[in-house]
Amino acid sequence: MQRKSLQMVDHVAAYRDRLMSAAEAVGLVASGAKVAMALGAGAPPAILQALAERARSGGGLHDVRLYYMLSTAVAARTVLAADLNDILRPVSIFHSGVERALDAERLKAQAPAVDFIPAAFQHVPRLLCEHVGVDTLIATVSPMDADGWFSLGTNADYAHAVTRSGAKLILEVNRHMPFVRGECLVHVSQVAALVEHDAPLLELPQAERTETDDRIGAIIAGLIDDGACLQMGIGALPDAVCERLAGHRHLGIHTEMMTSGLARLVASGVVDNSRKRMHAGKTIYTFALGDGFLYDFLRTSPDVEAHPVEYVNDPAVIARNDGVVSVNATVQIDLHGACNSEHIRGRQFSATGGQLDFVRGAYASKGGRSILACHSTAAGGKISRIVPVLEGPVTTPRTDTHIVVTEYGWADLKGKTLAERAHALIGLAHPDFREGLERDAVAAGVIGRR
Ligand code: COA
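A few points on the structure. All figures in this text were calculated on a predicted structure; none of them were measured in a lab.

1. Some remarks on the site of the ligand
Residues in contact with the ligand amount to 23 residues; listed here are only the nearest, Asn 328, Ser 350, Ala 351, Gln 355 and Arg 385. Contact between the ligand and Ser 350: an oxygen atom at 2.5 Å from a side-chain N or O atom of the residue. Between the ligand and Arg 385, the relevant distance is 2.9 Å, taken from an oxygen atom to a side-chain nitrogen or oxygen of the residue. Considered on its own, the ligand offers 980 Å² of accessible surface; in the complex 74% of this is hidden by protein. Class assignment of the residues belonging to the shell around the ligand gives a composition of ten nonpolar, ten polar and three charged.

2. What about the sheet that holds strand S15 (residues 324-329)?
Pairing in this open sheet of nine strands is mixed, and the strands run S8-S14-S13-S12-S11-S15-S20-S24-S25 from one edge to the other. Taken across any chain shown, the strands that pair with only one partner, and hence form the sheet edges, are strand S8 (181-182) and strand S25 (409-412). As paired strands, S15 and strand S20 (residues 369-373) are joined by five bridges and run parallel to one another. If you follow Val 327 over to S20, its bridge partner there is Ile 371. The strands that helix H8 (residues 211-221) touches are S15, S20, strand S24 (403-406) and S25; relative to S24, the one it contacts most, it runs at about 150 degrees. Here helix H10 (residues 260-267) sits on the sheet in contact with strand S11 (229-232), strand S12 (252-258) and strand S13 (283-288), set at roughly 155 degrees to S12.

3. Quick look at helix H11 (residues 292-300)
Buried residues of H11: Leu 294, Tyr 295, Phe 297 and Leu 298, and no others. Projection of H11 onto a plane perpendicular to its axis shows the buried side chains occupying an angular sector of 155 degrees, all on one side.

4. What about the nonpolar core?
Counting 112 residues, the largest nonpolar core has Ile 224, Met 258 and Leu 298 as its most contacted members. By residue number, the principal contributor to this core is helix H3 (residues 45-56), which donates seven residues. For Ile 224, the contacting residues outside a window of four places in its chain are Leu 230, Met 232, Val 241, Leu 245, His 248, Leu 251, Val 325 and Val 327.

5. What about unusual backbone geometry?
We note that Asp 63 has phi near 55 degrees; this positive angle belongs to a residue other than glycine. Relative to the elements of secondary structure, Asp 63 occurs in the loop between H3 and strand S2 (64-69). One non-glycine residue, Ala 379, adopts positive backbone phi at about 55 degrees.

6. Some thoughts on the pairing of strand S1 (residues 34-37)
Note: S1 against S2, three bridges, orientation parallel. Of the residues in S2, the one forming a bridge with Val 35 is Leu 66. Of the crossover connections in this fold, the one passing from S1 over H3 to the parallel S2 is right-handed. Note that S1 and strand S5 (residues 136-141) share three bridges and pair parallel. Looking at S5, one finds that Val 35 is bridged to Thr 136.

7. A short note on the sheet that holds strand S4 (residues 115-116)
Across the sheet, seven strands lie side by side as S4-S3-S2-S1-S5-S7-S10; this open sheet has parallel pairing. Only two strands of the sheet have a single neighbouring strand rather than two, namely S4 and strand S10 (193-196). The sheet contacts of H3 involve S1, S2, strand S3 (88-94), S5, strand S7 (168-173) and S10, and relative to S7 the element is tilted by about 120 degrees.

8. Re the packing of aromatic side chains
Inspection of every chain in the model, using the stated rule, returns two aromatic pairs. Consider the rings of Phe 121 and Phe 287, whose centres lie 6.2 Å apart with planes at 55 degrees: the pair is tilted. With a gap of 166 residues between them, Phe 121 in the loop between S4 and helix H6 (124-132) and Phe 287 in strand S13 connect regions that are remote in the sequence. By relative accessible area, Phe 287 is classed as buried at 4%. If you follow Arg 100 out to its NZ or CZ, it ends over the ring of Phe 349, 3.8 Å from the centre. Directly above the ring of Tyr 363 sits Lys 414, whose terminal nitrogen or CZ lies 4.0 Å from the centroid.

Calculation notes
- Residues numbered from 1 in each chain as written.
- Predicted model: local features only at pLDDT ≥ 70, side-chain atom pairs only at ≥ 80, totals over all residues.
- Heavy atoms only, no water.
- Near = heavy atom within 4 Å.
- Polar contact = N/O pair within 3.5 Å; in protein donor to acceptor, adjacent residues only side chain to side chain.
- Areas by Shrake-Rupley, 256 points an atom, 1.4 Å probe, with all protein chains shown as cover.
- Nonpolar A, V, L, I, M, F, W, Y, C, P; charged D, E, K, R; others polar.
- Pairing = 2+ DSSP bridges.
- Helix = DSSP H or I, 4+ residues; strand = E, 2+ residues; numbered from the N terminus.
- Contact = heavy atoms within 4.5 Å.
- Axes fitted to C-alpha atoms, helices over the stretch in contact; angles between N-to-C directions.
- Buried < 20%, exposed > 50% of the residue type's maximum accessible area, 1.4 Å probe, protein only.
- Arc of directions from axis to C-beta.
- Core = buried A, V, L, I, M, F, W, Y, C linked by side-chain atoms within 4.5 Å.
- Right-handed = clockwise from strand over helix to strand, strands pointing away.
- Phe/Tyr/Trp six-rings, centres within 6.5 Å; stacked < 30°, edge-to-face > 60°.
- Lys NZ or Arg CZ within 6 Å of the ring centre and 35° of its normal.

Following this line, the structure appears as structure tokens:
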């Protein structure tokens with residue numbers, strides 16, 4: 001008892017020793033530093049603000065590289081502001097609207113666009129720690145518990161590996177960050193600097209849903225059996241699927257991204273994780289981004305755990321549960337079934353993220369399946385998203401694509417010949433484009449002339 005209280009005193013003292021202002025904390029970032037910035041809601045607003053001020057003040061900071069995924073408005077206003085890009089060089093591993101806007105501006109000025117590293121999400125921790133060698137982490141954490149631990153809360157993902165790599169940890173303690181359990185804890189003894197700043201977590205605005213999203217959502221919900229273990233991707237389509245799952249039973253969750261839609265399914269009892277073989281009874285994610293409901297849910301639910309992305313997105317780990325169904329969106333599908341899910345109009349729009357990790361993990365699970373979905377058209381119906389040739393990189397190769405969905409139905413590509421795939425995919429295209437696609441398929445020798 002006495003020993004325990006002495007330890008608590010030690011942790012409190014260690015906390016006090018490391019507590020400083022944001023300006024002092026960013027003084028620990030050296031010129032030439034390779035800094036990992038937490039993604040989404042984990043990005044620390046006060047530290048970002050102070051780092052931007054230091055860079056702008058002409059205080060001699062130069063050649064800092066910022067490595068990150070999915071940046072948000074707070075980073076756009078601070079460290080990613082265009083006038084600082086040469087001092088704080090952005091290196092994105094997953095673009096958001098912030099990098100798309102910076103790219104557009106830089107291209108107008110004929111300067112190089114934001115740097116980008118292609119990577120599968122499961123490999124990002126190794127890439128940062130081993131190949132890049134980041135030396136600093138800036139991230140938000142929950143308040144410290146009595147044993148001296150902080151939780152990375154919404155963001156175990158790559159942040160967890162960086163906390164174990166020997167990098168300098170500059171952390172913002174925010175009472176709004178939920179103390180989530182799992183493998184996402186950082187001990188005060190490991191930390192270089194603590195900055196206290198209480199700010200509501202960044203909320204992702206609910207994606208606007210269309211009638212087409214709802215039609216696709218209903219088709220996908222029909223492909224999910226009771227007892228399935230779910231992964232849901234980013235965007236309006238996965239949210240539309242969640243709403244359609246209200247009548248399902250005994251679903252489980254092992255997902256890269258924990259969304260508001262998934263949290264509502266747990267709260268309503270549709271998800272009970274009772275059929276999971278691994279982490280039975282628990283909802284598992286690697287990062288969470290959504291609305292206030294999601295963050296309250298994380299704060300009050302003991303059966304939710306956050307784990308590092310090299311674990312959550314490892315196909316061999318995903319496959320340890322049976323009946324895994326992964327649901328992700330794509331941009332374009334070619335007539336062989338290959339998907340580009342990250343380039344639009346010739347530019348990087350997002351990234352590979354965990355799409356291929358889950359496509360492979362779901363198929364490796366007993367009875368599992370991956371679903372890739374998109375509207376049949378873009379640009380107000382002028383462009384078909386089923387195409388003869390992709391206009392961007394292959395995010396999911398044709399060998400991995402399993403079930404494809406548009407508002408015109410679904411097709412299972414496994415076991416289908418090239419000709420059968422082309423016919424099935426043309427059947428999922430908007431009727432206005434089917435004839436043209438058939439001509440393209442004949443010209444390419446994929447299907448015979450009728
Ligand atoms: N040509 C031209 N424009 C296109 C297009 C195409 N082939 N495909 C899409 N667009 C347009 C859309 O019409 C839309 O425009 P709008 O905003 O004016 O309506 C815009 O580009 C965005 O497309 P949309 O399909 O609505 O994107 P989304 O926000 O639903 O995201 C992905 C879809 C595929 C980009 C996104 O899910 C992603 O990045 N996936 C890869 C990573 C991943 O799956 N990770 C898995 C777990 S999170």
